[in-house]
Amino acid sequence: MIDIKGFELDATEKQMIANPLVGGIILFTRNFENIQQIQSLINDCKSVKNDLIIAIDHEGGRVQRFRTGFTALPPMSFLGDLFDKSSSIACDLAFHLAVVLAYELKMIGVNLSFTPVLDLHYGHSEVIGNRSFHRKPEIVTLLNQFFIKGLHFCGFPSVGKHFPGHGYVNADSHLTLPVDDRQFDLIINQDVLPYKALIDSGLDAVMPAHVVYSQVDQQPAGFSSYWLQSILRDQLHFDGVIFSDDLAMEGAVSTGTPAQRAQAAFKAGCDMVLICNKPSETEALLDGLKNTSINSLSLTRLEKMMAVSSQSSVSKEHYNNSLDFVKTWI
């Protein structure tokens, strides 16, 4: 999954999208001028390759890439704070927020948002912070059972991140490689609990953290077969898609060249890797992987995830009802 530089595709980007290894585009604020323009850009991307996955980080709060013409969504800690006052209203609001988020994106041609954030709100991490739903794993789980129902109601896949948990460390993996030195049992019995429960609730995909859990493995989780295969696949029985986090982040670069990072992520168990914000690295990755065969099981998982889109029964009336509910509480 690659990114693009601006409001329109240039010739180089069209050539990269046409590369057989490219299966998706991730959009950023720099790609958005207005709704008509972004729809045109998405259509142009799909005219090059019709089955592209069009994705975005659109969580609410400070991580909401598109603003004008879209509902301003609160950070997800809003739901956690509300839960402490009224659990029933918070759960209802989680569902309706997800409907609004998914419907508005789907109407312009976006296929998925990398949400929900399942990291726990320890109060240590500035990069996670109020993106987290709550400190308690059982509350994160319950709110996201309703949130995922809302996404699925609109035919939108859910992507839980950042496995096994990015909420405890201070450092930002965009800028450095964080190290979490907690014991394995503590991570499993706290941070991993939402994943364990939500896999049974229809979690479609997972994005691992660029964090080293030093008492468990010296590799960041996104490059760790122990975390992705032994724990996520074998122990938690997750059979959905595993996306890497951005391979251009500083938390990933120590693994090697762009192609080496991608190969390491695939070997660890990722089905699709992201490379963003560094066009030269995107070109280097595609060139370095030109003789790489595509994993048929990964393609099957991606197709299954995208099949969620065909299950939507949402109407404009449903959306309006959800929007009215959201506006009542935010």
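The text that follows walks through the structure, step by step, so that each part is easy to find. What you are looking at is a predicted structure, and each value in this text was computed from that prediction instead of being measured. (Residues numbered from 1 in each chain as written. Predicted model: local features only at pLDDT ≥ 70, side-chain atom pairs only at ≥ 80, totals over all residues. Heavy atoms only, no water.)

Overview of the packing of aromatic side chains
Moving on, step 1. Enumeration according to the criterion identifies 14 aromatic pairs in this entry.
Moving on, step 2. Note on Tyr122 and Tyr168: the rings are 5.2 Å apart at their centroids and 85 degrees apart in plane angle, and the pair reads as edge-to-face. Here Tyr122 is found in the loop between strand E5 (112-113) and helix H5 (137-153), whereas its partner Tyr168 is found in the loop between strand E6 (159-163) and strand E7 (179-180), with 46 residues between them in sequence.
Moving on, step 3. Classification of Tyr122 as buried rests on a relative accessible area of 16%.
Moving on, step 4. Members of the aromatic cluster, joined through ring pairs, are Phe163, Phe184, Tyr195, Tyr213, Tyr226 and Trp227.
Moving on, step 5. Of note, Lys149 hangs over the ring of Phe146, and the distance from its end group to the ring centre comes to 5.2 Å.
Moving on, step 6. Between Arg182 and the ring centre of Tyr168, over which it is positioned, the NZ or CZ distance is 4.3 Å. (Phe/Tyr/Trp six-rings, centres within 6.5 Å; stacked < 30°, edge-to-face > 60°. Helix = DSSP H or I, 4+ residues; strand = E, 2+ residues; numbered from the N terminus. Buried < 20%, exposed > 50% of the residue type's maximum accessible area, 1.4 Å probe, protein only. Lys NZ or Arg CZ within 6 Å of the ring centre and 35° of its normal.)

Some words on helix H2 (residues 35-48)
Moving on, step 1. The end-to-end C-alpha distance of H2 is 20 Å, a good match for the 20 Å that 14 residues give at a rise of 1.5 Å each.
Moving on, step 2. What H2 keeps buried is the set Gln37, Ile38, Leu41, Ile42 and Cys45. Buried residues of H2, viewed axially, fall in a sector of 135 degrees; they line one side. Turned more than 90 degrees from where H2 packs its buried face, Gln36, Asn43 and Ser47 sit exposed.
Moving on, step 3. For H2, the secondary structure elements touched by its buried residues are helix H1 (11-18), strand E1 (24-27) and strand E2 (53-56). (Expected span 1.5 Å × (residues − 1). Arc of directions from axis to C-beta. Contact = heavy atoms within 4.5 Å.)

Describing the sheet that holds E2
Moving on, step 1. One open sheet holds the 3 strands; their spatial order is E1-E2-E5, and the pairing between them is parallel. Each having just a single partner strand, E1 and E5 make up the two edges of the open sheet.
Moving on, step 2. Two elements, E2 and E5, share 2 bridges in a ladder whose sense is parallel. Following the sheet pairing, Ala55 is matched in E5 by Leu112.
Moving on, step 3. Sitting on the sheet, H2 touches E1 and E2, and the angle it makes with E1 is about 160 degrees. (Pairing = 2+ DSSP bridges. Axes fitted to C-alpha atoms, helices over the stretch in contact; angles between N-to-C directions.)

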